[in-house]
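Structural characterization, general
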Amino acid sequence: MSTTDIAQDTINATVWAACDTFRSVVDPGVYKDYVLTMLFLKYVSDVWQDHYDEYKAQYGDHAELIEEMLKNERFVLPAKANFYALHDKRHSPGNGERIDKALHAIEDANIGKLRDVFQDISFNSNKLGDEQQKNDILRHLLEDFAKPELNLRPSRIGQLDIIGNAYEFLIKNFASTSGKKAGEFYTPPEVSTLMARLMEPKEGDEICDPTCGSGSLLMKCGRLIRERTGSRKYALYGQEAIGSTWALAKMNMFLHGEDNHRIEWGDTIRNPKLLDSDARESPFVVNGKSKQAPKQALKPVSLKHFDIVVANPPFSLEKWGHDGADGDPYGRFRRGVPPRTKGDYAFILHMIETMKPRSGRMAVVVPHGVLFRGAAEGRIRKLLIEENLLDVVIGLPEKLFYGTGIPAAVLVFRKKKADDKVLFIDASGDYQDGKNQNYLREGDLQRILDTVKARKSVDKYAYLASPAEMAENDYNLNIPRYVDTFEEEEGVDLMAVRKQREQLKTELARLEQQMTGYLRELGYD
Amino acid sequence: MSIIIRIMRNDAKIITLGAVADVRQGYPFRGAIPEAPTGNVRVIQMKDLTRAGLRDCDSLITTEVDGRKGPDWLRDQDLLFVARGTSNYAVLLDDPPQRTVCSPHLYVIRVTQLQRLLPGFLAWQLNQLPAQRYLHQSAEGSHQLSIRRTELEKVEIRIPPIEQQRAVIELERTANAEREALKALINNREAELAAVAERLLG
């Protein structure tokens, strides 16, 4: 184990232990926001302090000069909003109020980056119990984060990744312990790795996740570009409906050094926020008729397009926004409106509409119903296949996701395909057994990726289907229709079976006789 | 039923287990057993046992055991007794590999008076209703049930003549063989039906 691994493990363990303060008092779904926010605050404070000390060593007592230099920091930290200031006052009442004030001060001082991030989180909340208990819990929390193991100064821990990883570690652990709700903010890491690698992100790509949760899938794509090319030239876009999860995603991005992101808060179907900026900037002019354009016309007309669109949308969301879908201003449902109670195709169609015309490619996690359900969904599916957009269908093992045991599939769509066929892969049998959860191993991922690359049928694993074959199956994409994994039974030799039967009968007769003998010995006739 | 009644109604001597056998706990590993692929000591754990006996000698984990005094190795005809959980039973070891110990969750029962009591017969008796009823009563615990050694030593054991003990062991062995043969017969019939299906429908 390298030293960075050790540092990572201790930090992970220490932040996880900090959650003990909350356990049995508050629900994990509530305290995760507190712990993650505190980690962010601590990080910002430590960076600030580190640089402050550095400047102080350099410039001595020139307080004004130091102050001036610190204004160029990534995050500006008002004096009273420092973690250590809060920690110093931890024994006097009013911890919750002080932390809230500090967060708002930080938000105001960095409004460009942190606008609204802390609005949904209140440490001064009755969720933590009455005044005294709340103060007590928060004092413990401040003390936990003041431990030397959680000294997050850059001069101590070096690269930023350790903090980002600790943040993700927390999110992952919250996901695996908080049951049903977990799927809302976290995709299992192997699945996001698989999707990122399927997309083969390149330098210069614009990448979007319209249901980004805590943002880890997006960052996987970015990291892949950095690893493969060393370049930081890419742009991450995301949208998340739940306010507190959106805040998590923002903090997650900053802690991973992905400052150049655009994550919007809002419902992707009802209110897509990632729009084409050109359309917005171009002023609406109606030949000088009226300077005040009608309100409707001011609305930008087109969605922003991306090179890569990835998502793990909620499975079969019931209230996805069916009512407004018919008159969607962006024409996303021109292939048909998905059923009222199943939002799967709403997300797929949104993603399809946001792919760039040439380089656009997308990967989406869906429940299996998407492959075979009929009615409106069947018609949409047929059109997507006829337009030659669907590229690969991958069936994943069951029990891979948090909060649900159902097996899911990954669909890959491409704007420009090399052929008119669809590759089906049945990867449902390749996984590592876990206690409550299954995992994909590196070998399982590689097998999928190799097969996608080769784009050839593999016996009992993959099948390259032609449009005619899919039409023959009525555009039902149920994977077993294409990939036959049924084990052929070996031919039975009836003569051998009969012979064995006779032998067994003889054997039984012999045993019966023996047993009679033993019973007699025991005095039973 | 009449068989059981005849056996039970005999005048065979009743004696406590502690009087005819040594009972000791398995090797006192602290916490998880450190697995060492190159270790030269094999360990039998709870998961390696079923009521039918030891699962598979090759799947036992190996480890290193240190200490001045070597552990008490398991021997042929030792009994292992599962004292944890809701199911308590004894298993007879038939020539275990050399240098094998068992985890501390198991008791090792070693018969000291071999001329009076056959280990195989003891194993069988511990798994029968009278002993099981006693064991069930002496199991304690709020999270996981377990039986203390002193309680196990107090199980009452009947000691019929050696020939009868031997006959019971043989009877049990043949009964097991019969069960296997009957299972094979069921599988055989399924194979026969599969063959018919293949011919008619294939």
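Residues numbered from 1 in each chain as written. Chains lettered and ligands numbered in written order. Predicted model: local features only at pLDDT ≥ 70, side-chain atom pairs only at ≥ 80, totals over all residues. Heavy atoms only, no water.

1. Describing the overall build of chain A
Along chain A, the regular secondary structure elements total 21 helices and nine strands. Long-range pairs, those at least 24 residues apart, make up 73% of the contacts in chain A with a sequence separation of at least 6. Summing over all exposed atoms, chain A offers an accessible surface of approximately 25200 Å²; the carbon and sulfur share of this is 49%. (Helix = DSSP H or I, 4+ residues; strand = E, 2+ residues; numbered from the N terminus. Contact = heavy atoms within 4.5 Å. Areas by Shrake-Rupley, 256 points an atom, 1.4 Å probe, with all protein chains shown as cover.)

2. Side note on the overall build of chain B
Regarding its fold elements, chain B presents six helices and eleven strands. Within chain B, the fraction of its 202 residues that count as buried is 41%. Carbon together with sulfur atoms contributes 51% to the accessible area of chain B, which is approximately 12000 Å² in total. (Buried < 20%, exposed > 50% of the residue type's maximum accessible area, 1.4 Å probe, protein only.)

3. Topic: the side chain of Arg 90 of chain A
Residues and elements named next belong to chain A. Relative to the assigned elements, Arg 90 resides in the loop between helix H4 (83-88) and helix H5 (95-109). Here the side chain of Arg 90 touches Glu 143 through a polar contact of 2.8 Å, side chain to side chain. Once residues within four sequence positions are removed from consideration, Arg 90 is found in contact with Asn 95, Arg 98, Arg 139, Leu 142 and Glu 143. (Polar contact = N/O pair within 3.5 Å; in protein donor to acceptor, adjacent residues only side chain to side chain.)

4. Focus: a nonpolar patch on the surface
There is a patch of nonpolar side chains on the surface, built from Val 196, Leu 200 and Leu 201 of chain B and spanning about 340 Å² of accessible area. As for its position among the elements, Leu 200 of chain B is in helix H6 (residues 162-201). (Patch = residues over 30% accessible without salt bridge, like charges linked within 9 Å, V, L, I, M, F, W, Y side chains within 5 Å. Salt bridge = Lys/Arg side-chain N within 4 Å of Asp/Glu carboxyl O.)

5. Concerning the nonpolar core
Residues and elements named next belong to chain A. If you look at the biggest cluster of nonpolar residues, it comprises 100 residues, and the most contacted ones within it are Phe 145, Val 410 and Ile 425. Counting residues per element, this core draws most heavily on helix H2 (residues 28-59), which supplies 13 residues. Beyond its immediate stretch of four places on either side in the chain, Ile 425 contacts Val 392, Val 393, Ile 394, Gly 395, Ile 448, Thr 451, Val 452, Tyr 461, Ala 462 and Ile 479. In this structure, Leu 349, Leu 389, Val 422 and Val 483 belong to the second largest nonpolar core, which totals 42 residues. (Core = buried A, V, L, I, M, F, W, Y, C linked by side-chain atoms within 4.5 Å.)

6. Describing helix H3 (residues 119-126) of chain B
The periodicity of an α-helix, 3.6 residues per turn, causes residues three or four places apart in sequence to face the same way. Counting buried residues along H3 of chain B, seven of its eight residues qualify, which places the element largely inside the surrounding structure. Turning to H3 of chain B, its buried residues number three or more, namely Pro 119, Gly 120, Phe 121, Leu 122, Ala 123, Gln 125 and Leu 126 of chain B.

7. Some words on the UniProt feature "coiled-coil region" (unreviewed entry) in chain A
Per the UniProt record, the feature "coiled-coil region" (unreviewed entry) sits at residues 494-521 of chain A. Split by type, residues 494-521 of chain A is 100% helix and 0% strand. Its first and last C-alpha atoms lie 41 Å apart. (UniProt positions renumbered as here; feature names shortened; annotations may be inferred.)

8. Some thoughts on the pattern of salt bridges
Residue and element names in this part refer to chain A. All told, the structure shown has 40 salt bridges over all chains when counted by the stated rule. We note a salt bridge from Lys 304 to Glu 206, for which the minimum N-O separation is 3.2 Å. Remark: Glu 206 occurs in strand E1 (residues 206-209) and Lys 304 occurs in the loop between helix H14 (295-298) and strand E4 (308-311); sequence separation between them is 98 residues. As far as burial versus exposure is concerned, Lys 304 and Glu 206 are alike and both buried. Note that Asp 391 and Arg 414 form a salt bridge whose closest N and O atoms lie 2.8 Å from each other. One end of the pair, Asp 391, is in strand E6 (residues 390-395); the other, Arg 414, is in strand E7 (residues 408-414), and 23 residues separate them in sequence. According to the relative accessible area criterion, Asp 391 is buried, its value standing at 6%. Salt bridges linked by common partners bring Arg 90, Asp 136, Arg 139 and Glu 143 together as one network.

9. Focus on the interface of chain A and chain B
Taken together, the contact pairs 21 residues of chain A with 26 residues of chain B. Buried area between chain A and chain B, summed over both chains or domains, comes out near 2300 Å², and the portion from carbon and sulfur atoms is 67%. The largest per-residue losses of area from chain A upon contact with chain B belong to Arg 501, Tyr 518 and Leu 522 of chain A, which jointly make up 29% of the total buried on that side. Summed over the shared surface of chain A and chain B, the result is one salt bridge. Between Arg 498 of chain A and Glu 192 of chain B there is a salt bridge, with the nearest N and O atoms lying 3.7 Å from each other. On the surface where chain A and chain B come into contact, there are five residue pairs in polar contact (both at pLDDT 80 or more). (Buried area = accessible area lost by both parts, 1.4 Å probe.)

10. Considerations on the sheet that holds strand E10 (residues 106-111) of chain B
Residue and element names in this part refer to chain B. Taken in spatial order, the four strands make up an open sheet running E2-E10-E7-E8, and their pairing is antiparallel. The open sheet has two free edges, formed respectively by strand E2 (21-25) and strand E8 (89-92), since each of these has just one partner strand. Averaged over neighbouring strand pairs, the angle between their axes works out to 25° when direction is ignored. The sheet contact formed by strand E7 (residues 79-82) and E8 spans four bridges and is antiparallel. Within E8, the residue paired with Leu 80 across the bridge is Val 91. (Pairing = 2+ DSSP bridges. Axes fitted to C-alpha atoms, helices over the stretch in contact; angles between N-to-C directions.)

11. Focus: the UniProt feature "coiled-coil region" (unreviewed entry) in chain B
The sites that carry the UniProt feature "coiled-coil region" (unreviewed entry) are, in the present numbering, residues 168-199 of chain B. With 100% helix and 0% strand, residues 168-199 of chain B has its two end C-alpha atoms placed 46 Å apart.

12. Looking at the layout of surface pockets
Residues and elements named next belong to chain B. Quantified by volume, the largest pocket comes out at close to 1600 Å³. Lining the largest pocket are 50 residues, and of these Ala 123, Trp 124, Gln 125, Gln 128 and Glu 172 sit closest to its centre. For the lining of the largest pocket, the secondary-structure elements that each account for two or more residues are helix H1 (2-8), strand E5 (53-54), E8, H3, helix H4 (129-138), strand E11 (156-159) and H6. Ranked by residue count, the leading element in the lining of the largest pocket is H6, at eleven residues. (1 Å grid on protein atoms, 1.4 Å probe; cavity = no way out; pocket = protein on both sides within 12 Å on 5 of 7 lines; lining within 4 Å. Points joined across faces, edges and corners; volume = space filled by probe spheres on them.)

13. Describing the environment of Asp 136 of chain A
Its location among the elements puts Asp 136 of chain A in helix H7 (residues 131-145). Between the alpha carbons of Asp 136 of chain A and Thr 21 of chain A there is a distance of 9.4 Å; along the sequence they are 115 residues apart.

14. Overview of unusual backbone geometry
Residues and elements named next belong to chain A. Positive phi values are uncommon outside glycine, yet Lys 399 reaches one of about 55°. Here the phi dihedral of Lys 460 falls at roughly 60°; this positive angle occurs in a residue that is not glycine. Mapped onto the elements of the fold, Lys 460 is located in the loop between helix H19 (442-454) and strand E9 (462-465).

15. What about the confidence of the model for chain A?
Of all residues in chain A, 90% attain a pLDDT of 70 or more, and the chain-wide mean is 82. In this model residues 279-298 of chain A is a low-confidence stretch, pLDDT under 50, and it forms seven contacts with partners more than four residues away in sequence or in other chains. (pLDDT = per-residue confidence, 0-100.)

16. A short note on the packing of H5 of chain A against H7 of chain A
Residue and element names in this part refer to chain A. Direction vectors running N to C along H5 and H7 enclose 55°, while the axes themselves pass 8 Å from each other. The angle between H5 and H7 falls in the class oblique. Contact residues: H5 offers Asn 95, Gly 96 and Ile 99, while H7 offers Asn 135, Leu 138, Arg 139 and Leu 142. When grouped by side-chain class, the residues that make up the contact of H5 with H7 number three nonpolar, three polar and one charged. (Parallel < 35°, antiparallel > 145°, perpendicular 65-115°, else oblique. Nonpolar A, V, L, I, M, F, W, Y, C, P; charged D, E, K, R; others polar.)

17. A few points about the packing of H3 of chain B against H6 of chain B
Residues and elements named next belong to chain B. Orientation of H3 relative to H6, taken along the N-to-C sense of each, is 65°, at an axis distance of 9 Å. Put simply, H3 runs roughly perpendicular to H6. Like other packed secondary-structure pairs, H3 and H6 cross with a definite hand, here left-handed. Counting all contacts with H3, which are made through Gly 120, Phe 121 and Trp 124, the residues of H6 involved are Gln 165, Val 168, Ile 169 and Glu 172. Looking at the contact of H3 with H6 residue by residue, the class counts come to four nonpolar, two polar and one charged. (Left-handed = near helix turned anticlockwise from the far one by under 90°.)

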